[in-house]
Amino acid sequence: MSEQTVTRATFDEVMLPNYSPLQMIPVKGLGSHVWDQEGREYIDFSGGIAVNCLGHCHPALVSAINEQSQKLWHVSNIWTNEPALQLAQKLVDSTFADKVFFCNSGAEANEAALKLARRYALEKFGAEKDQIIAFKQSFHGRTLFTVTAGGQPAYSDGFGPKPGAIDHAVYNDLSSLEALISDKTCAVILEPMLGEGGVTPATESFIKGVRELCNKHNALMILDEVQTGFGRTGHLYMYQAYGVTPDILSSAKSLGGGFPIGAILTTNEVGQHLKFGTHGTTYGGNPLGCAIAGAAFDVINTEAVLSGIMQREQMFREHLTAINEKYNVFSEIRGQGLLLGAVMNEAHQGQAREFMAAALEQGLMVLVAGANVVRFAPALVIEPQDIADGLARFEKAVARVVAAG
Ligand SMILES: *Cc1c(COP(=O)(O)O)cnc(C)c1O
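Residues numbered from 1 in each chain as written. Predicted model: local features only at pLDDT ≥ 70, side-chain atom pairs only at ≥ 80, totals over all residues. Heavy atoms only, no water.

## Topic: the site of the ligand
All residues in the neighbourhood of the ligand are listed as Ser105, Gly106, Ala107, Asn110, Phe139, His140, Gly141, Glu191, Asp224, Val226, Gln227 and Lys253. Within the side chain of Asp224, a nitrogen or oxygen atom sits 2.7 Å from a nitrogen atom of the ligand. One nitrogen or oxygen atom from the side chain of Gln227 is found 2.7 Å from an oxygen atom belonging to the ligand. Protein burial of the ligand: of its 380 Å² of free accessible surface, 81% is covered by the chains. Of all the elements, helix H5 (residues 106–125) adds the most residues to the shell around the ligand, at three residues. Of the residues belonging to the shell around the ligand, the class tally is three nonpolar, six polar and three charged. (Near = heavy atom within 4 Å. Polar contact = N/O pair within 3.5 Å; in protein donor to acceptor, adjacent residues only side chain to side chain. Areas by Shrake-Rupley, 256 points an atom, 1.4 Å probe, with all protein chains shown as cover. Helix = DSSP H or I, 4+ residues; strand = E, 2+ residues; numbered from the N terminus. Nonpolar A, V, L, I, M, F, W, Y, C, P; charged D, E, K, R; others polar.)

Here it is, written out as structure tokens:
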């Protein structure tokens with residue numbers, strides 16, 4: 001039986017309207033190139049929102065999924081499995097962590113991190129130590145707990161009562177955290193760089209200050225590295241760039257290179273409180289996902305790939321700066337590694353989506369982060385030629401938007 005023909009119009013007929021996808025429907029990808037239903041080619045600087053760390057259909061991932069798909073896909077956590085243990089071993093060996101928990105997404109990883117922090121504080125200090133401090137403009141996922149921690153009421157309002165004891169400080173403003181934190185604080189959760197919230201890195205003094213305040217009040221520091229982790233910033237995890245060690249770290253997105261998987265990493269001291277039966281997931285740590293993530297890890301966690309990310313960042317920065325000298329549209333290029341944001345200047349406030357649409361017309365997939373930032377999160381191994389070609393297309397898009405006024 002052949003499949004029915006589907007188009008963008010089918011989306012409106014059969015899918016819930018919580019997304020509003022662009023017109024073009026991708027059908028095939030290879031490396032940093034994508035083709036749509038009409039066979040038109042695009043260069044991909046979106047990376048599936050910082051997920052496709054090795055681009056599309058990378059040979060290492062294709063062979064990992066092929067091999068594992070003929071051995072074992074899923075057994076549940078009634079049994080453990082080799083790929084999960086091997087991946088956990090790799091993560092433990094290359095980070096601060098002693099222990100790992102696997103799940104299927106970033107939201108689930110943060111949900112687990114927050115639940116673990118609450119349980120740790122309850123057992124170690126008592127029920128009154130339950131406050132979670134998060135930051136305005138941050139993003140931690142869409143479950144009710146994580147969306148409430150995220151600092152955007154537009155995402156968390158309208159779903160009934162929210163989980164309590166969650167307060168919000170101002171990102172990169174240590175005094176606002178100092179005003180909220182106390183011995184009742186169980187955890188502070190933050191992204192080392194705001195991803196969805198505008199591609200804004202934490203300042204070094206801020207992130208170090210968060211660590212010190214957490215120490216002072218026996219609060220756990222949870223770093224949400226769902227977007228920044230797994231090589232994205234040129235370090236396996238971004239905390240390593242700051243030299244600030246969290247108590248719990250959440251990882252997802254790039255971790256699976258396109259296959260859904262999430263994880264939290266933590267210490268023995270904290271992790272022992274997620275006792276038998278306290279938390280779980282059916283699919284978390286399944287052999288198929290872990291085999292793929294393990295293969296991605298082996299490619300990413302090498303000196304050559306990590307330093308290559310820094311070189312690619314330089315290429316982006318130089319090209320974008322040159323485009324800006326010509327067209328004067330950005331106030332700043334910010335971010336780190338291959339999570340970069342071109343920030344709209346005064347004259348182009350609110351136009352990030354117009355740049356995204358214009359780029360697509362030129363055959364380039366980019367992202368936005370809010371109304372004022374065009375976001376780039378390409379494959380970490382993107383070919384330098386693809387960067388050059390993609391930015392040439394971006395320049396044409398910028399010229400179009402500027403000409404349109
Ligand atoms: C994407 C993202 C999440 C949510 O991950 P999902 O896999 O969509 O649940 C959480 N935190 C950060 C920083 C993210 O960028």
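## Regarding the pattern of salt bridges
One pass over the full model with this rule turns up 13 salt bridges. Measuring nitrogen to oxygen at the nearest pair gives 3.2 Å for the salt bridge that ties Arg8 to Asp12. A residue pair is termed a helical-turn pair when its members lie 3 or 4 positions apart in one helix, as Arg8 and Asp12 do in helix H1 (residues 8–14) at four residues. Judged by relative accessible area, which is 13%, Arg8 ranks as buried. Residue Asp12 is classed as exposed on the basis of its relative accessible area, which comes to 56%. (Salt bridge = Lys/Arg side-chain N within 4 Å of Asp/Glu carboxyl O. Buried < 20%, exposed > 50% of the residue type's maximum accessible area, 1.4 Å probe, protein only.)

## Looking at the nonpolar core
Counting 92 residues, the largest nonpolar core has Phe376 and Phe394 as its most contacted members. Here this core gathers at least three residues from each of two domains, domain 1 (8–58 + 303–404) and domain 2 (71–300). If we ignore the near neighbours within four places in the chain, the residues touching Phe376 are Phe45, Phe316, Leu320, Leu338, Leu339, Leu340, Ala342, Val366 and Phe394. Residues Ala109, Ala112, Ala149 and Cys186 belong to the second largest nonpolar core, which totals 23 residues. (Core = buried A, V, L, I, M, F, W, Y, C linked by side-chain atoms within 4.5 Å. Domains from an automatic or database assignment. Contact = heavy atoms within 4.5 Å.)

## Remarks on the domain arrangement of the protein
For the protein, the assigned domains are domain 1 (8–58 + 303–404) and domain 2 (71–300). Once you take the C-alpha centre of each, domain 1 and domain 2 turn out to be 27 Å apart. Across the contact, 26 residues belong to domain 1 and 25 residues belong to domain 2. Interface area, domain 1 with domain 2, both sides summed: about 2100 Å², of which 63% is carbon and sulfur. When residues of domain 1 are sorted by the area they lose upon contact with domain 2, Leu306, Gln336 and Leu339 head the list and together hold 26% of the total. The interface formed by domain 1 and domain 2 contains one salt bridge. Here Arg375 makes a salt bridge to Glu196, at a shortest N to O gap of 2.9 Å. Linking domain 1 to domain 2 there are nine residue pairs in polar contact (both at pLDDT 80 or more). (Buried area = accessible area lost by both parts, 1.4 Å probe.)

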